[in-house]
Amino acid sequence: MLYDFFKFMAFKMDAEKAHELSIGALSNFPRTMADSFGGDLEDLEKYRVDLNSMSWCFPVGLAAGLDKNASAINFFSRIPFGAVEVGTVTPLPQAGNPRPRLFRYIEEESLRNCMGFNNKGSEKVLKNILSSDKGNKVLGVNLGKNKDTSAENAPSDYVKLYNSFKDHCDYLVINVSSPNTPGLRDLQRHESMREIFEALKEERTNCKTPLFIKISPDLPLESIEGIFSLASEYSLSGVIATNTTIMEERGNGGVSGKLLTQRAKLVRERCLSVNAEFPELDFIGVGGISSFDDVWDYWKKGGVACQIYSSFIFQGPQVLHDIREGIDRKLIQNEVLTLSELLNNISDCK
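Definitions and limits used
Residues numbered from 1 in each chain as written. Predicted model: local features only at pLDDT ≥ 70, side-chain atom pairs only at ≥ 80, totals over all residues. Heavy atoms only, no water. Helix = DSSP H or I, 4+ residues; strand = E, 2+ residues; numbered from the N terminus. Buried < 20%, exposed > 50% of the residue type's maximum accessible area, 1.4 Å probe, protein only. Contact = heavy atoms within 4.5 Å. Areas by Shrake-Rupley, 256 points an atom, 1.4 Å probe, with all protein chains shown as cover. Lys, Arg positive; Asp, Glu negative; His and termini not counted. Charge placed at Lys NZ, Arg CZ, Asp CG, Glu CD. Pairing = 2+ DSSP bridges. Axes fitted to C-alpha atoms, helices over the stretch in contact; angles between N-to-C directions. Core = buried A, V, L, I, M, F, W, Y, C linked by side-chain atoms within 4.5 Å. Salt bridge = Lys/Arg side-chain N within 4 Å of Asp/Glu carboxyl O. Expected span 1.5 Å × (residues − 1). Arc of directions from axis to C-beta. Right-handed = clockwise from strand over helix to strand, strands pointing away.

Asks: When you look at the overall build of the chain in this model, what are you seeing that I'm missing?
Replies: From N to C terminus, the chain includes 13 helices and 13 strands. Considered along the principal axes of its C-alpha atoms, the chain spans approximately 55 × 45 × 40 Å. Counting the 350 residues in the chain, one finds 58% classified as buried. The long-range fraction of contacts in the chain, counting pairs at least 24 apart against all pairs at least 6 apart in sequence, stands at 73%. By element, 50% of the accessible surface of the chain is carried by carbon and sulfur atoms, the whole surface being about 14,800 Å². Taking the average place of the 40 positive charges on the side chains of the chain and the average place of its 47 negative ones, the gap between the two points comes to 4 Å.

What follows is the structure, given as structure tokens:
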């Protein structure tokens, strides 16, 4: 009920203004706000999922983009997220694209953003991380190049960011899939990704912080195997799919939420199929996931950890509690005690 009132007031404002005010409140009163929305889970072991590179105490994490400057970690780590991914952060501060640049499609529970990696820069984001308390939650940092950085110099931006955050988070993500930075998606070409991975190779020699690549839902499906192969060749930890999708009939920018569901699901299913050939790589699914049924379908296809963004905007923390309740029902129905047991026998589960 509290979130319904919160959303009612927020949705009367410009979308980005409401977002800024919300993040400000969550940053300033993290414990009070978290408690007001139901707090965290008590039995964390019951819902734990294990990847090759890390373990989450709950199978659903917060996707990048909501807490761009890592200013509300103390809130997001006190509700039932298993992981919190902040950013996208760039080496230098940047204002992003002109406003308005965030739009709601309320009936379709979707968003369109043309933000353009607006953030306060790596120095400020790192300061925020160092002053936060993530508790027992996993913290990820999503990395992007500055708009003014050429494609040729993009690897150096990622190296700078990697070195800034590698010792202060639990995993890192190379973002080359946002549609809102000119030329960024061109870096998804295999030769461009190879240049980035090659630039990071020496830096990663003595660092074990997991590194992921986040890809677009608009990639040709036949290109996905090459991405996994490249990730395996350079010993990345895994792949995250997907970012937002381009829907030209809606306008500029990237669309997330239920409008993205079917395309993201198609790409995720292809990724999971290819992932079976590269079992050393982790996969994290994101894009259009808005209910326990979506999560269950993802698990049935072979997925484990996933993330949400737009469904959190439209449903609030209740979406996490609904997913927890869905897990509890399946545990009882299948006569197992933990989510780990459930996933280990998912093909036989009802």
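Asks: Can you help me understand the sheet that holds strand 11 (residues 254–257) in this one?
Replies: The pairing of strands in a sheet happens through backbone hydrogen bonds and is either parallel or antiparallel. Strand order across the open sheet formed by three strands is 5-6-11, with antiparallel pairing between neighbours. Either end of the sheet is taken by a strand with one partner, and the two such strands are strand 5 (102–105) and strand 11. This sheet shows a mean twist of 20° between the axes of neighbouring strands, independent of strand direction. Across four bridges, the pairing between strand 5 and strand 6 (residues 110–113) is antiparallel. In the sheet register, Leu 102 faces strand 6, and the bridge partner there is Asn 113.

Asks: Which parts of the structure should I look at to understand the nonpolar core?
Replies: Most often, soluble globular proteins have nonpolar side chains that are buried together. In this structure, Phe 76, Phe 165, Ile 213, Trp 299 and Phe 312 are the most contacted members of the largest nonpolar core, which totals 106 residues. Ranked by the residues each element gives to this core, the list is headed by helix 6 (residues 154–165), at six residues. Residues within four places of Phe 76 in sequence aside, it is in contact with Ile 23, Leu 26, Leu 62, Leu 66, Asp 67, Phe 81, Val 84 and Phe 312.

Asks: What should I look at first to understand the pattern of salt bridges in this one?
Replies: Two side chains that carry opposite charge are able to pair once their charged atoms sit near each other. Counted according to the given criterion, the structure contains 18 salt bridges. A salt bridge links Glu 45 to Arg 48, with the nearest nitrogen and oxygen atoms 2.2 Å apart. The exposure class of Glu 45 is partly exposed, given its relative accessible area of 49%. Exposure remark for Arg 48: the relative accessible area of 26% places this residue in the partly exposed category. Note that Arg 194 and Glu 233 form a salt bridge whose closest N and O atoms lie 2.7 Å from each other. Of this pair, Arg 194 sits in helix 7 (residues 190–201) while Glu 233 sits in helix 8 (residues 224–233), placing them 39 residues apart in sequence. Through salt bridges with shared partners, a single ionic network connects Glu 16, Glu 20, Arg 99 and Arg 101.

Asks: I tried to follow helix 9 (residues 261–275) on my own but got confused; where do I start?
Replies: Owing to its 3.6 residues per turn, the α-helix aligns residues three or four sequence positions apart on the same side. Here helix 9 spans 20 Å end to end across 15 residues, near enough to the 21 Å set by a 1.5 Å rise per residue. Regarding helix 9, the residues found buried are Thr 261, Ala 264, Val 267, Arg 268, Cys 271, Leu 272, Val 274 and Asn 275. Projected onto a plane normal to the axis of helix 9, the buried residues spread over an arc of 160° and lie on a single side. Residues of helix 9 that are buried in the fold lie against strand 9 (211–215), helix 8, strand 10 (238–241), strand 11, strand 12 (282–286) and helix 10 (292–300).

Asks: Explain the pairing of strand 8 (residues 171–175) here, please?
Replies: Looking down a regular strand, the side chains alternate between one sheet face and the other. Of all the five residues making up strand 8, five are buried; the element is thus mostly covered by neighbouring parts of the structure. Burial of strand 8 is two-sided: the residues Tyr 171, Val 173 and Asn 175 facing one way and the residues Leu 172 and Ile 174 facing the other way are all buried. Bridge count for strand 7 (residues 138–143) against strand 8 is four bridges, and the pairing is parallel. Bridge pairing links Leu 143 to Ile 174 in strand 8. With helix 6 bridging strand 7 and the parallel strand 8, this β-α-β connection has right-handed handedness.

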